[in-house]
Amino acid sequence: NIDDKGEDGRGYLIGVTQPRRVAAISVASRVGDEMGDADLVGYQVRYDRNRCTEKTKIKFMTDGILLRELQSDFLCRKYTAIILDEAHE
């Protein structure tokens, strides 16, 4: 269940990268609609504020956002899993 807590007591957060801003925003919106709770899905892209909340469980972002987060936390400790979509581009 996506609302469960992990072994360390923290909630789960899944990171999903998209190669383009438009893709990250539109896929986040679509997944939120399909899950029936748009608050569970957020996104962060360059030149736009972070659209994630404490309730966010799935975060869509551009590749550049993930690279920037890697600079401050190389092990990406806040994520339970990271999915790299279209990494071949």
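Cut-offs used in this document
- Residues numbered from 1 in each chain as written.
- Predicted model: local features only at pLDDT ≥ 70, side-chain atom pairs only at ≥ 80, totals over all residues.
- Heavy atoms only, no water.
- Core = buried A, V, L, I, M, F, W, Y, C linked by side-chain atoms within 4.5 Å.
- Buried < 20%, exposed > 50% of the residue type's maximum accessible area, 1.4 Å probe, protein only.
- Helix = DSSP H or I, 4+ residues; strand = E, 2+ residues; numbered from the N terminus.
- Contact = heavy atoms within 4.5 Å.
- Pairing = 2+ DSSP bridges.
- Axes fitted to C-alpha atoms, helices over the stretch in contact; angles between N-to-C directions.

Colleague: Which residues make up the nonpolar core, and what values do they have?
Modeller: Within the largest apolar cluster, nine residues are counted, these being V16, A24, A28, L40, V41, Y43, V45, I58 and F60. Of all the secondary-structure elements, those providing two or more residues to this core are α1 (21–35), β2 (41–44) and β3 (58–62). Excluding residues within four positions of it along the chain, F60 makes contact with V16, Q18, A24, V27, A28, V31, V41, G42, Y43 and Q44. Membership of the second largest hydrophobic core comes to six residues, among which are M61, I65, L66 and Y79.

Colleague: Which residues make up the pairing of strand β1 (residues 14–18), and what are the values?
Modeller: Extensive coverage of β1 is indicated by the burial of four of its five residues. Inspection of the sheet shows β1 paired to β3 by five bridges, in the parallel sense. If you follow V16 over to β3, its bridge partner there is F60. Here β1 pairs with strand β4 (residues 81–84) via four bridges, running parallel.

Colleague: Residue-level account of the sheet that holds β2, with values.
Modeller: In space, the four strands of this open sheet follow the order β2-β3-β1-β4, with parallel pairing throughout. Sheet topology places β2 and β4 at the edges, where each strand pairs with a single neighbour. Looking at each pair of strands side by side, their axes are set apart by 20° on average, direction ignored. Against the sheet, helix α2 (residues 63–72) touches β1, β2, β3 and β4, its axis set at about 100° to β3.

Colleague: Please give an account of the side chain of Q18 that cites residues and values.
Modeller: Looking at the element boundaries, Q18 is found in strand β1. When neighbours within four sequence positions are excluded, Q18 is seen to be in contact with A23, A24, V27, F60, M61, T62, D63 and D85.

Colleague: Tell me about the pairing of β3, and name the residues and values.
Modeller: Here β3 lies mainly inside the structure; five of its five residues are buried. Residues I58, F60 and T62 line one face of β3 and the alternating positions K59 and M61 line the opposite face, and both faces are buried. Both β2 and β3 contribute to a ladder of four bridges, which runs parallel. Each residue of the ladder has a partner; that of Q44, found in β3, is M61.

On their own, these measurements won't tell you what the molecule is for.
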